[in-house]
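# Close look at the chain arrangement
Listed here are the chains, written in short residue letters.
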Amino acid sequence: MIRHLALALAGLIATAATPATAQAPVRIGLSAPLSGPDAAFGQGLRQGAEQAVADINRAAGGRPRLVLVPTDDAGDARQAVSVARKFMADGVRLVVGPFESGAVAAASPVYEDAGAVLVTTGASYSPLTGRGFWNTFRLGPSDAQQGRAAGAYLAKTFAGRWVGILNDRSTFGRGLADAVAAQLKEAGAPEVLFDSFPRGTRDLADLVARLKAARVEAVYFGGLAPEAATLLHAMRQAGLGATLVASDGILDPGFTTMAGTAGEGTVMTLAPDPPRLPDPRSGKPVPRGPDADSVAAGAYAAVELLYQAVDRARAADPKTGRIADVRKVAEALRSGPPARTILGSVGFDARGDRTGGAVTLRVWRRMPDGRLDYAGHDTAEP
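Residues numbered from 1 in each chain as written. Predicted model: local features only at pLDDT ≥ 70, side-chain atom pairs only at ≥ 80, totals over all residues. Heavy atoms only, no water.

It is worth spelling out the overall build of the protein at this point. Assigned secondary structure in the protein consists of eleven helices and 15 strands. Its C-alpha atoms give the protein a radius of gyration of 22 Å, near enough to 21 Å, the size a compact globule of 382 residues would have. With respect to the three principal axes, the spread of C-alpha positions in the protein is 70 × 45 × 35 Å. When the 382 residues of the protein are sorted by exposure, 54% land in the buried category. In the protein, the proportion of contacts linking residues at least 24 apart, taken out of those at least 6 apart, comes to 67%. Here the protein displays about 15,900 Å² of accessible surface, and carbon together with sulfur accounts for 53% of that area. Positive and negative side-chain charges in the protein, numbering 42 and 38 respectively, have mean positions lying 5 Å apart. (Helix = DSSP H or I, 4+ residues; strand = E, 2+ residues; numbered from the N terminus. Rg over C-alpha atoms; globule rule 2.2 N^0.38 Å. Buried < 20%, exposed > 50% of the residue type's maximum accessible area, 1.4 Å probe, protein only. Contact = heavy atoms within 4.5 Å. Areas by Shrake-Rupley, 256 points an atom, 1.4 Å probe, with all protein chains shown as cover. Lys, Arg positive; Asp, Glu negative; His and termini not counted. Charge placed at Lys NZ, Arg CZ, Asp CG, Glu CD.)

Moving on to the sheet that holds strand β2 (residues 66–72). Adjacent strands of a sheet pair through backbone hydrogen bonds, lying either parallel or antiparallel. Taken together, the five strands give an open sheet; going across it, the order is β2-β1-β3-β4-β5, and neighbouring strands pair in parallel fashion. In the strand order of this sheet, the two ends are held by β2 and β5 (136–138), each with one partner. Adjacent strand axes in the sheet meet at a mean angle of 20 degrees, parallel and antiparallel pairs treated alike. Each of β1 (26–32) and β2 touches helix α2 (residues 39–60); the most contacted strand, β2, lies at about 170 degrees to it. (Pairing = 2+ DSSP bridges. Axes fitted to C-alpha atoms, helices over the stretch in contact; angles between N-to-C directions.)

On to the environment of Val310. Mapped onto the elements of the fold, Val310 is located in helix α10 (residues 290–313). Looking at Val310, the relative accessible area reads 8%, which means it is buried. Between the C-alpha atom of Val310 and that of Ile323, which follows or precedes it by 13 residues, the distance is 8.1 Å.

Bringing the sheet that holds strand β13 (residues 360–363) into the picture now. If you walk across this open sheet you meet the six strands as β7-β6-β8-β9-β10-β13, and the pairing is mixed. In this open sheet, the two strands that pair with only one neighbour each are β7 (193–196) and β13. Going from strand to strand, the sheet's axes swing by 20 degrees on average, the running direction of each strand aside. Note: strand β10 (residues 267–270) against β13, four bridges, orientation antiparallel. Looking across to β13, one finds that Thr269 is bridged to Leu361. The sheet contacts of helix α7 (residues 205–213) involve β6 (163–167), β7 and β8 (218–222), and relative to β7 the element is tilted by about 170 degrees. Lying on the sheet, helix α8 (residues 225–237) is in contact with β6, β8 and β9 (243–246); it crosses β8 at an angle near 155 degrees.

Here's what the structure looks like:
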């Protein structure tokens, strides 16, 4: 992890030494939930972005190259729009965030109209990068990418056996289920049952009876932890031992309690574990909880990506640090060579989704102390 950071900074030091970066500082905005229910994530995003700016400026060895402008959007769509308008009025044209899908969906048109690029680390709603915006990039896997990875896993692992697909009738759950179904169809192994039930449903006996009658050996579920746990209990009570496969929508601290022994063997798609940022070279160690730790490296990488894209595109005015042509920055992110970051090599496709290595698969196992955990339990990837 520290080696990866050293390699990334080595690249940045080399870049910073070129005449193209001898310029006034470039401002990067951070739109993050610094308050509200996702504040723990927001603080991690801020800490990661601040450390990236400090490290890049230190690597430059002289005049600061970047200035971070952190702003609280509270994870709220309307407030994210207000933040976007403020950034645009202040001339900030490079943005890390927002974090939540709803906030990105609301703010993206404002950034596009004004000519700004944003790199979000957390929003997973698939259509965010499919709406034709030239300026929106996503570091984490989309729901569609998770669905395709799950479908490929099912097609390979359960080849010649029956698979069922369920969802919780939400936009999130149905999108995942549709992506899995499309992948299975492409592999020539379509599901034998596609069904749904609303969130909060407690009695799934009839649905599980249909799964059992279809002789499924694996069930994909698009939805969240409470319904996944309910489905697992209903399956096991009916004597159906089919493997449950789901997305990181079930990544809830209460999943182990809700699912209990029925959760063992559940397969889950999610982003690879992010590296933990090492402590800053100057100053005291920064305490971070699990939520903050899970996103700090992504924010660090987003700053790295924007900085390197600006340099490749020679997009900043040397005297003012303002971005002369933001579309050149977007083009450098989308079609330029993959950038070296703390997350490893990062590139983007035409939609703005990260290419390669965006999804991993883990299996929940029972630990010696009786609890369920997925950490370190990789399963065979397609």
